[in-house]
Amino acid sequence: MTTLLEQNKIQQEFADRMNEDELLNCMRCGFCLPSCPTYIESGFQELHSPRGRIALMKAVKDGILEPDEEVERSLSLCLGCRACEPVCPSGVKYGHLLEEARDIIQQNKKQSLPVQAVRNTVFKGLFPHQNRMRTVTGLLGFYQKSGLQKVSRKIGFMKLFPESLATMEKVLPSVPKMKEMKNRPEFLPAEKKKTKKVAFFTGCLMDTMFLETNNATLKLLQMAGCDIVIPKAQACCGALHGHSGEKAKAIEMAKKNIEAFEQTNADFIITNAGGCGAFLIDYDHLLKNEPEWYLRAKAFTKKLKDISQILVDLDFHKNVSLKLSKQVITYQDSCHLKNVMKTSDAPRTLLKAINGIDYREMEDSDRCCGSAGIYNIIESEMSMKILDTKMKNAKATQAATIVTANPGCLLQMKLGIEREELSEQVRAIHIVDLLLEAVNR
Ligand code: SF4
Ligand code: SF4
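1. Some details on the environment of asparagine 406
Next up, step 1: Note that asparagine 406 resides in the loop between strand E8 (401–404) and helix H24 (407–419).
Next up, step 2: Judged by its relative accessible area of 12%, asparagine 406 falls in the buried class.
Next up, step 3: Distance from asparagine 406 to glycine 147, taken between C-alpha atoms, is 29 Å for residues 259 residues apart in sequence.
Next up, step 4: When neighbours within four sequence positions are excluded, asparagine 406 is seen to be in contact with Ala273, Gly274, Gly275, Ser334 and His430.

Written out as structure tokens, the structure reads:
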């Protein structure tokens, strides 16, 4: 419940900080409506559409509407998938508006002590510190390997948690050993004549829970002729913070990353997680009010590429023989990779180059799967509705393999497979893991 005093502060900050031109850019044409998953799954409620949310933000800024529970609900139900941006004829940067609005509300609203404690632990105590991320992943590894997981499943412990969280526990990857997580080298040479020098953004989750996928990414880059620098001083991208109203912390991490990658002097900076990549490529916007940092951020963002894009640019799929056993494969876009990094052709080009597979496009493959960071935990009901529609489309392709390009999407697709009781017939996999499998066959 937001108090009157808090509402006044929020209203004042909306008036001061929300970009008037960007809000006025929306001409209310409604072209974005069919692309918005929450508009569709809410039964076409304007309040849960991009146009509706922009109108709410404008009304709060103008003092016509109080930033009450309904406004907050509408903004928190948004996935932040940014599917409304590429289809907008006015080029409204909806994602930037949403980020600012959430930051204002979050910073001016007093949270209950338990919520504040959880937020502080996650946003300040955990994600910015890679060593602590490793420790937490190590604890998960202990839970998985010590027999505790078996016992907890046997006694039905997870039934005490919401259904989606309980199912999520089943689909978490088997985590690597602490020694493996700590042994990340700082340089790897090209396996053939060097064509490019790249710097690799490891990511906090990707370099712990999804370490194998990072290793596969590095291997493919080496095969493609890249010398790889992996700066030790890099930090979490800050996406979780930026999307959850913790902008100051996101800025702090952005500066740390810019500094770390400037020193590499690389031709490109490579990511393998659409969610991280989209936040990194927006660093110039994040730092727009600090002229010196803005320029440095611009130079950083210009070098950013997703792994699938650089592999296509370097003709990896033409130079390396790719083969898999006969199977139907489909691809689920990462919304941030497609809508913000503008990368959607490259993953498909790579997949279609694999001999032996039958690539089938899924209906609405570019519509969000409902993962959206921690959305599937905090907005579970809407997330599961979106996921059920997604699984219906995935099943229609008869694919045995669903490929994704982001860890959140990967877990969400695994969750969908588990919910549909299809884990014997269907698997979900990150594109680099599949490509490496295709190389090794
Ligand atoms: S498509 Fe763009 S201009 Fe049209 S309603 Fe949506 S946000 Fe506004
Ligand atoms: S970001 Fe996604 S969920 Fe939010 S308004 Fe845009 S299309 Fe809808």
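2. Description of the pattern of salt bridges
Next up, step 1: The tally for this structure, following the rule as stated, stands at 30 salt bridges.
Next up, step 2: The salt bridge partner of glutamate 72 is lysine 109, with a shortest N-O separation of 2.9 Å. Here lysine 109 lies in the loop between helix H6 (94–108) and helix H7 (113–126) and glutamate 72 lies in helix H5 (residues 69–76), a separation of 37 residues in the sequence.
Next up, step 3: Its salt-bridge partner being aspartate 366, residue lysine 338 comes within 3.7 Å of it at the nearest N-O pair. Of the two residues, lysine 338 sits in helix H20 (residues 335–339) while aspartate 366 sits in the loop between strand E7 (355–359) and helix H22 (375–378), which places them 28 residues apart along the sequence.
Next up, step 4: Taking the relative accessible area as the measure of exposure, lysine 338 reaches 22% and is therefore partly exposed.
Next up, step 5: Under the relative-accessibility criterion, aspartate 366 is labelled partly exposed at 34%.

3. Details of a nonpolar patch on the surface
Next up, step 1: Taken together, the side chains of Val151, Ile155, Phe157 and Phe161 define a hydrophobic patch exposed on the protein surface, amounting to about 380 Å² of accessible area.
Next up, step 2: Relative to the helices and strands, phenylalanine 157 is located in the loop between helix H9 (148–154) and helix H10 (163–171).
Next up, step 3: Of the residues examined, phenylalanine 157 reaches a relative accessible area of 39% and is grouped as partly exposed.

4. A few points about the domain arrangement of the protein
The figure often quoted for interface size is the accessible area lost as the parts come together.
Next up, step 1: Taken domain by domain, the protein holds domain 1 (4–108), domain 2 (114–171), domain 3 (178–311) and domain 4 (317–439).
Next up, step 2: The C-alpha-based centres of domain 2 and domain 4 are spaced at 25 Å.
Next up, step 3: Note on domain 2 versus domain 4: buried area summed over both sides is about 760 Å², and carbon and sulfur give 73% of it.
Next up, step 4: Taken together, the links from domain 2 to domain 4 amount to 0 salt bridges.
Next up, step 5: Scanning the region where domain 2 abuts domain 4 turns up 0 residue pairs in polar contact (both at pLDDT 80 or more).
Next up, step 6: Tallied by class, the residues present in the side of domain 2 that touches domain 4 amount to 3 nonpolar, 2 polar and 2 charged.

5. Comments concerning the site of ligand 2
Next up, step 1: Around ligand 2 lies a shell formed by Cys36, Thr38, Pro50, Arg53, Cys78, Leu79, Gly80, Cys81, Arg82, Ala83, Cys84 and Tyr94.
Next up, step 2: Of the residues assigned to the shell around ligand 2, the class counts are 8 nonpolar, 2 polar and 2 charged.

6. Some thoughts on unusual backbone geometry
Next up, step 1: One non-glycine residue, lysine 342, lies in positive phi territory at about 55°.
Next up, step 2: Its place among the elements puts lysine 342 in the loop between H20 and helix H21 (345–352).
Next up, step 3: Under the relative-accessibility criterion, lysine 342 is labelled exposed at 57%.
Next up, step 4: At glutamate 421, a position not held by glycine, the phi torsion is positive, near 55°.
Next up, step 5: With respect to the helices and strands, glutamate 421 occurs in the loop between H24 and strand E9 (427–430).

7. Looking at the packing of aromatic side chains
Next up, step 1: Tallying each qualifying case throughout the model produces 5 aromatic pairs.
Next up, step 2: With 6.3 Å between their ring centres and 35° between their planes, phenylalanine 201 and phenylalanine 261 make a pair best called tilted. Taken together, the residues phenylalanine 201 in the loop between strand E2 (196–200) and helix H12 (211–223) and phenylalanine 261 in helix H14 (residues 247–262) connect sequence positions 60 residues apart.
Next up, step 3: Assessed through its relative accessible area of 2%, phenylalanine 201 is described here as buried.

8. Comments concerning the site of ligand 1
Next up, step 1: All residues in the neighbourhood of ligand 1 are listed as Cys26, Met27, Arg28, Cys29, Gly30, Phe31, Cys32, Arg51, Ile54, Cys88, Pro89 and Ser90.
Next up, step 2: Residues of the shell around ligand 1, tallied by class, amount to 8 nonpolar, 2 polar and 2 charged.

9. Some points on the nonpolar core
Next up, step 1: Judged by nonpolar contacts, the single largest core of 89 residues is most densely connected at Leu220, Ile228, Tyr283, Phe316, Leu351 and Ile354.
Next up, step 2: If you tally residues by element for this core, the top one is helix H25 (residues 431–440), at 7 residues.
Next up, step 3: Counting 24 residues, the second-largest nonpolar core is a separate cluster that includes Ile10, Leu33, Val71 and Tyr94.

10. Examining the sheet that holds E9
Sheets are built from strands paired through backbone hydrogen bonds, the pairs being either parallel or antiparallel.
Next up, step 1: What the 4 strands build is an open sheet, ordered E7-E6-E8-E9; its pairing is parallel. Lying at the two open borders of the sheet, with one neighbouring strand each, are E7 and E9. For this sheet, the mean inter-axis angle between neighbouring strands, taken without regard to orientation, is 40°.
Next up, step 2: Bridge count between strand E6 (residues 323–331) and E7: 4 bridges; the pairing is parallel. Directly across from glutamine 327, in E7, lies its bridge partner isoleucine 357.
Next up, step 3: The strands touched by H25 are E6, E8 and E9; relative to E9, the strand with the most contacts, the crossing angle is about 95°.

11. Regarding the pairing of E9
Side chains on a regular strand alternate between the two faces of the sheet.
Next up, step 1: As defined by bridge partners, E8 adjoins E9 across 4 bridges and the pair is classed as parallel. Bridging across to E9, threonine 404 finds its partner in histidine 430.
Next up, step 2: In this region the chain leaves E8, passes through H24 and returns to the parallel neighbour E9; the handedness of that crossover is right-handed.

12. Looking at empty space enclosed by the protein
Next up, step 1: As enumerated under the stated definition, the model contains 6 cavities of 30 Å³ or more in all.
Next up, step 2: Considered as a void within the structure, the largest cavity measures approximately 140 Å³ in volume.
Next up, step 3: At 3 residues, the largest contribution of residues to the lining of the largest cavity is made by helix H4 (residues 50–61).
Next up, step 4: Looking at the lining of the largest cavity residue by residue, the classes come out as 13 nonpolar, 2 polar and 3 charged.

13. Structural notes on the sheet that holds E2
Next up, step 1: One open sheet holds the 5 strands; their spatial order is E1-E3-E2-E4-E5, and the pairing between them is mixed. The open sheet terminates on both sides in strands that have one partner only, identified here as strand E1 (187–188) and strand E5 (304–306).
Next up, step 2: The pairing of E2 with strand E3 (residues 226–229) spans 4 bridges and is parallel. Within E3, the residue paired with lysine 197 across the bridge is aspartate 227.

What counts and how
Residues numbered from 1 in each chain as written. Chains lettered and ligands numbered in written order. Predicted model: local features only at pLDDT ≥ 70, side-chain atom pairs only at ≥ 80, totals over all residues. Heavy atoms only, no water. Helix = DSSP H or I, 4+ residues; strand = E, 2+ residues; numbered from the N terminus. Buried < 20%, exposed > 50% of the residue type's maximum accessible area, 1.4 Å probe, protein only. Contact = heavy atoms within 4.5 Å. Salt bridge = Lys/Arg side-chain N within 4 Å of Asp/Glu carboxyl O. Patch = residues over 30% accessible without salt bridge, like charges linked within 9 Å, V, L, I, M, F, W, Y side chains within 5 Å. Areas by Shrake-Rupley, 256 points an atom, 1.4 Å probe, with all protein chains shown as cover. Domains from an automatic or database assignment. Buried area = accessible area lost by both parts, 1.4 Å probe. Polar contact = N/O pair within 3.5 Å; in protein donor to acceptor, adjacent residues only side chain to side chain. Nonpolar A, V, L, I, M, F, W, Y, C, P; charged D, E, K, R; others polar. Near = heavy atom within 4 Å. Phe/Tyr/Trp six-rings, centres within 6.5 Å; stacked < 30°, edge-to-face > 60°. Core = buried A, V, L, I, M, F, W, Y, C linked by side-chain atoms within 4.5 Å. Pairing = 2+ DSSP bridges. Axes fitted to C-alpha atoms, helices over the stretch in contact; angles between N-to-C directions. Right-handed = clockwise from strand over helix to strand, strands pointing away. 1 Å grid on protein atoms, 1.4 Å probe; cavity = no way out; pocket = protein on both sides within 12 Å on 5 of 7 lines; lining within 4 Å. Points joined across faces, edges and corners; volume = space filled by probe spheres on them.

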